[in-house]
2 protein chains.
Amino acid sequence: MKKISAAELKAFAVQVFTGCGVSQEDAETTAEVLVTTDTWGVSTHGTKAVRGYAARLRVGGLNPKGRPKIDREGPGWAVVDGDMSLGMITSIFAMKVAMAKAKVNGIAMVTVHNSCHFGAAGYYTWMASQENLIGMAMSNDIPSVAAPGSKGAIFGSDPFAFGAPGGSHPAMNLDMSTAVVAGGKIRLMVAEGKPIPDGWLLTKEGKPTNDGTMYPYQASLLPMGGYKGYGIAMMIEVLAGMLSGSQVRDKIGGWLDEPLSKKTDHGHAFIAIDPKVFVGLDAYNQAMSTMVDSIKKEPVVEGAKPLLIPGEMEHHKRAAALQDTIPLGDDVIEYLQTAAKEASLPLPKCLQ
Amino acid sequence: MKKISAAELKAFAVQVFTGCGVSQEDAETTAEVLVTTDTWGVSTHGTKAVRGYAARLRVGGLNPKGRPKIDREGPGWAVVDGDMSLGMITSIFAMKVAMAKAKVNGIAMVTVHNSCHFGAAGYYTWMASQENLIGMAMSNDIPSVAAPGSKGAIFGSDPFAFGAPGGSHPAMNLDMSTAVVAGGKIRLMVAEGKPIPDGWLLTKEGKPTNDGTMYPYQASLLPMGGYKGYGIAMMIEVLAGMLSGSQVRDKIGGWLDEPLSKKTDHGHAFIAIDPKVFVGLDAYNQAMSTMVDSIKKEPVVEGAKPLLIPGEMEHHKRAAALQDTIPLGDDVIEYLQTAAKEASLPLPKCLQ
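Scoring rules and cut-offs
Residues numbered from 1 in each chain as written. Chains lettered and ligands numbered in written order. Predicted model: local features only at pLDDT ≥ 70, side-chain atom pairs only at ≥ 80, totals over all residues. Heavy atoms only, no water. Helix = DSSP H or I, 4+ residues; strand = E, 2+ residues; numbered from the N terminus. Rg over C-alpha atoms; globule rule 2.2 N^0.38 Å. Areas by Shrake-Rupley, 256 points an atom, 1.4 Å probe, with all protein chains shown as cover. Lys, Arg positive; Asp, Glu negative; His and termini not counted. Charge placed at Lys NZ, Arg CZ, Asp CG, Glu CD. pLDDT = per-residue confidence, 0-100. Expected span 1.5 Å × (residues − 1). Buried < 20%, exposed > 50% of the residue type's maximum accessible area, 1.4 Å probe, protein only. Contact = heavy atoms within 4.5 Å. Axes fitted to C-alpha atoms, helices over the stretch in contact; angles between N-to-C directions. Parallel < 35°, antiparallel > 145°, perpendicular 65-115°, else oblique. Nonpolar A, V, L, I, M, F, W, Y, C, P; charged D, E, K, R; others polar. Pairing = 2+ DSSP bridges. Polar contact = N/O pair within 3.5 Å; in protein donor to acceptor, adjacent residues only side chain to side chain. Buried area = accessible area lost by both parts, 1.4 Å probe. Salt bridge = Lys/Arg side-chain N within 4 Å of Asp/Glu carboxyl O. Phe/Tyr/Trp six-rings, centres within 6.5 Å; stacked < 30°, edge-to-face > 60°. Least-squares fit on C-alpha atoms with pLDDT ≥ 70 in both. Right-handed = clockwise from strand over helix to strand, strands pointing away.

Looking now at the overall build of chain A. The helix and strand inventory of chain A stands at 11 helices and 14 strands. For chain A, whose C-alpha radius of gyration is 20 Å, the value lies close to the compact-globule estimate of 20 Å for 352 residues. Its C-alpha atoms give chain A principal-axis dimensions of roughly 55 × 45 × 45 Å. Only carbon and sulfur atoms are counted for the fraction: they give 53% of the accessible area of chain A, which is about 13,100 Å². The averaged location of the 35 negative side-chain charges in chain A is 2 Å from the averaged location of its 33 positive side-chain charges.

Residues with a pLDDT of 70 or more make up 100% of chain A, whose mean pLDDT is 97. The ipTM assigned to the predicted complex is 0.97, against a pTM of 0.98.

Residue and element names in this part refer to chain B. Compared with an ideal rise of 1.5 Å per residue, which puts 12 residues at 16 Å, helix 10 (residues 312-323) spans 17 Å between its outermost C-alpha atoms and is within 8% of the ideal. Buried within helix 10 are the following residues: E312, R318 and A321. Those residues of helix 10 that are buried lie in contact with helix 2 (24-39), helix 5 (121-129), helix 9 (281-296) and strand 14 (326-328).

This part covers the packing of helix 2 (residues 24-39) of chain A against helix 5 (residues 121-129) of chain A. Each pair of packed helices can be summarised by the angle the axes make with each other and by the distance between the axes. All names here are of chain A. In contact at an axis separation of 10 Å, helix 2 and helix 5 are set at 100° when each is read in the N-to-C sense. In terms of their interaxial angle, helix 2 and helix 5 are classed as roughly perpendicular. Together, E32, V33 and T36 of helix 2 and Y123, Y124 and W126 of helix 5 make up the contact between the two elements. Looking at the contact of helix 2 with helix 5, its residues break down into four nonpolar, one polar and one charged.

Residue and element names in this part refer to chain A. Reading across from one edge, 2-3-4-13-5-8-9 is the order of the seven strands in this open sheet, with mixed pairing throughout. Across the chains shown, the open sheet's two edge strands, defined by having one partner strand only, are strand 2 (69-74) and strand 9 (172-177). Averaged over all pairs of adjacent strands, the angle between their axes in this sheet comes to 10°, without regard to strand direction. As paired elements, strand 8 (residues 159-164) and strand 9 share six bridges and run antiparallel to each other. Looking across to strand 9, one finds that A164 is bridged to M172.

Time to look at the environment of T111 of chain A. Inspection of the secondary structure assignment puts T111 of chain A in strand 4 (residues 107-115). For T111 of chain A, a relative accessible area of 0% puts it in the buried group. Distance in space between the C-alpha atoms of T111 of chain A and V277 of chain A is 22 Å, their sequence separation being 166 residues. Those residues within four positions of T111 of chain A in sequence are excluded, and the remaining contacts are A78, V79, V80, L239, L243, S244, H268 and A269 of chain A together with F278 of chain B. Looking at T111 of chain A, its side chain comes within polar contact range of the main-chain oxygen of L243 of chain A, at 2.9 Å.

This part takes up the interface of chain A and chain B. Each partner contributes to the interface: chain A provides 74 residues, whereas chain B provides 74 residues. Of the roughly 5,500 Å² buried between chain A and chain B, counting both surfaces, carbon and sulfur atoms make up 76%. For chain A, the biggest contributors to the area lost against chain B are K228, M242 and F278 of chain A; these three give 13% of the whole. Scanning the region where chain A abuts chain B turns up two salt bridges. Put simply, E298 of chain B and R249 of chain A hold a salt bridge, and the shortest N to O gap is 3.0 Å. Viewed at the interface, chain B and chain A are joined by 16 residue pairs in polar contact (both at pLDDT 80 or more). Sort the elements by how many residues they give to the side of chain A that touches chain B and helix 7 (residues 227-242) of chain A lands first, with 11 residues. Residue composition of the side of chain A that touches chain B, by class: 53 nonpolar, 13 polar and eight charged.

Residue and element names in this part refer to chain B. Applying the stated rule across the entire model yields 24 salt bridges over all chains. For K10, the salt bridge is made with E32, and the minimal N-O distance between the two is 2.8 Å. Of this pair, K10 sits in helix 1 (residues 6-19) while E32 sits in helix 2; the two residues are 22 residues apart in sequence, bridging distant segments of the chain. Put simply, K103 and E131 hold a salt bridge, and the shortest N to O gap is 3.1 Å. Taken as a pair, K103 in helix 4 (residues 87-105) and E131 in the loop between helix 5 and strand 5 (134-139) lie far apart in primary sequence, 28 residues in all.

Moving on to the packing of aromatic side chains. Each aromatic ring pair is summarised here by two numbers: the centre-to-centre distance and the angle between the ring planes. Residue and element names in this part refer to chain A. By the definition in use, this model includes 20 aromatic pairs over all chains. Here the aromatic rings of W40 and Y123 are separated by 6.3 Å at their centres, their planes lie at 45°, and the arrangement is tilted. Taken together, the residues span a long stretch of sequence, with W40 in the loop between helix 2 and helix 3 (50-59) and Y123 in helix 5 at a distance of 83 residues. Exposure class is identical for W40 and Y123. Each is buried.

Residue and element names in this part refer to chain B. Here seven strands make up an open sheet; going across it, the order is 2-3-4-13-5-8-9 and the pairing mixed. Strand pairing shows two members of the sheet lacking a second neighbour, strand 2 (69-74) and strand 9 (172-177), which therefore form its edges. Across this sheet, the average inter-strand angle for adjacent strands is 10°, counted without regard to direction. When strand 2 meets strand 3 (residues 77-81), the two strands line up antiparallel, connected through five bridges. Each residue of the ladder has a partner; that of R72, found in strand 3, is V79. In the packing of helix 7 (residues 227-242) onto the sheet, contacts are made with strand 4 (107-115), strand 5, strand 8 (159-164) and strand 13 (266-273), and the angle to strand 5 comes to roughly 100°.

Of the transformation superimposing chain A on chain B, the axial component is 0.0 Å and the angular component is 180°, with the fit at an RMSD of 0.0 Å. The superposition of one copy onto the other is thereby described by a two-fold rotation axis. Closest approach to the rotation axis among the C-alpha atoms of chain A is made by G225 of chain A, whose C-alpha sits 2.8 Å away.

Looking now at the pairing of strand 3 (residues 77-81) of chain A. Residues and elements named next belong to chain A. Within strand 3, five of the five residues are buried, which leaves the element mostly enclosed by the surrounding structure. With burial as the criterion, each face of strand 3 is covered, one bearing W77, V79 and D81 and the other bearing A78 and V80. The antiparallel hairpin formed by strand 2 and strand 3 contains two residues in its connecting segment. Judged from the five bridges that link them, strand 3 and strand 4 form a sheet pairing that is parallel. Its bridge partner lying in strand 4, A78 is registered against V110. Following the chain from strand 3 across helix 4 (residues 87-105) to the adjacent parallel strand 4, one finds a crossover that is right-handed.

Once that is clear, we can look at helix 2 of chain B. Residues and elements named next belong to chain B. Between the first and last C-alpha of helix 2 there are 22 Å, a value that for 16 residues agrees with the 22 Å anticipated at 1.5 Å per step. Contacts made by the buried residues of helix 2 are with helix 1, helix 3 (50-59), helix 4, helix 5, helix 10 and strand 14. Note on helix 2: the residue one or two positions beyond its end, G41, has a positive phi of about 85°.

This part is about the pairing of strand 8 of chain B. All names here are of chain B. Counting buried residues along strand 8, six of its six residues qualify, which places the element largely inside the surrounding structure. Where burial is concerned, the two faces of strand 8 agree: the one with P159, A161 and G163 and the one with F160, F162 and A164 are both buried. Inspection of the sheet shows strand 5 paired to strand 8 by four bridges, in the antiparallel sense. Bridging from a neighbouring strand, M138 pairs with F160 of strand 8.

What follows is the structure, given as structure tokens:
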């Protein structure tokens, strides 16, 4: 474990991306998303991914000069072509379009095709909440999750995020996988040599296993809540995949898999809603503050702290990380060190 | 168990509602929703509820002459006042408004306050799918589900439904509770004398129990997937409650609880999306057909049938029920017989 300041971590990520031909502006935007995710303690979706993105940027599986653009649009909707640029660049672009349209229209939805892995879905919903809007974000991905009764993987561990202004409290921000657990958590436990709990993994014969090294090629995750996680993943495939014209299910490319030079064509969907339009911002903020206050007063089981609001733990971790440093596990440090090596960059002091 | 034709069941429900002062048209609309739900085999949310709705209609906790109306609206949104009419009347009204706006706008959202229990959320999303639209429907409800770490119930088992046209297949229609299991299922198992499985119920001290008779007053349900179900329920509280101006959490009235003469003020949210606007209906239908075809070919565990699409089982049950009769459990028959008695109606032949 190492403790690294947000500024140092961001500077390093920017250096890797610009070294791959990404503009200074796009490199900074992408690094900001990833470092913010690290400050939340969500290290599976933070700068750990820099190495994988860089590998694609170098061989053409991501376009360092890509410019996302609107294919088609109307007052409350748009379809965006990601132009194979970094998923974070395209997703911020798309969420901003959704947010601007929602302010006029009450609600707006923007779908994205020709994109790749977009990091943490919760970044884009948090972005909306910081401008007093409600946001939803979702993405499809290569199959890694079984369905009730299947032997193999049917859908990705497709993420779903929902963010909303918190009134007098920090923003609510839910970011969840539709698998029983995120695939990144399995990789992390394997790296840490931990066994995988019952009910998480299924072999290709549809039998339970606790061997995390079998994931993702020899084992699938189980869906969250059985048919519910399977159903929500299918919803995401419809909204992010079919309504964007991206690839769907096993036709999507794995962002960490060969061929790294070929586009993955992930699809995303972003929805923004303006509470001001529906009920006025004051009424909304008051209702949210009152609800959170009342939840904080609910009795908890012995030894537990007051109930958490989704995103609250991440909010406090971020505040501490910005005040001081971000604690990053050995798995992340190793990826960052390899990223430096592969980019032929001298190892920065913070990673030594 | 009795087998009743859809026509006889509907005629009986219409008779009960008109006897409470509901217009013939509204009685037929409401009965159609409930009987359709019964044909799907979802008997917890079908005509079993007639008795409870009638009890409220008689004493003013539902307004038999209520007319839902739009409070405020814009091109892509509306807020509807349910006027304390039957939840089904208001919800069909609201979903129709959302559908009409989505056809122009790509996406639209309509929230509802001053409503009550709205039956099966999946009815409204199915309605959208029958007109080549995608739908989402959700409702808040009185707390019955614990949060991770809580002793008592925090949110309702708030339903979330998603429906989408199925291309060459029946519509996809997901209708799920954000609790680990729907409360109605607990009531049903209690009625059938079955024990409640582990991991479903928590006492007021936050301890596990298998005693279904403790639900809902002495025990809460557990949320689906831990913090995920808790988070989705909070999302529903924001969209259906705060964006409609309805009551929230423990301020909502229980639709089966005293005082039956007081409004419950549930909130709902309906979202409609037009795939035609985003990618064209042909491209959408082709993508959906291809995906479902490919899922149907996936290998399944020994003895299992091909994977199901959400709503598919209900679709086939409905076809069989319309061809022949609807099989209704003793719990439903008992409620219907009591409804006849309380309405001072002669017991119809099908219930004898």
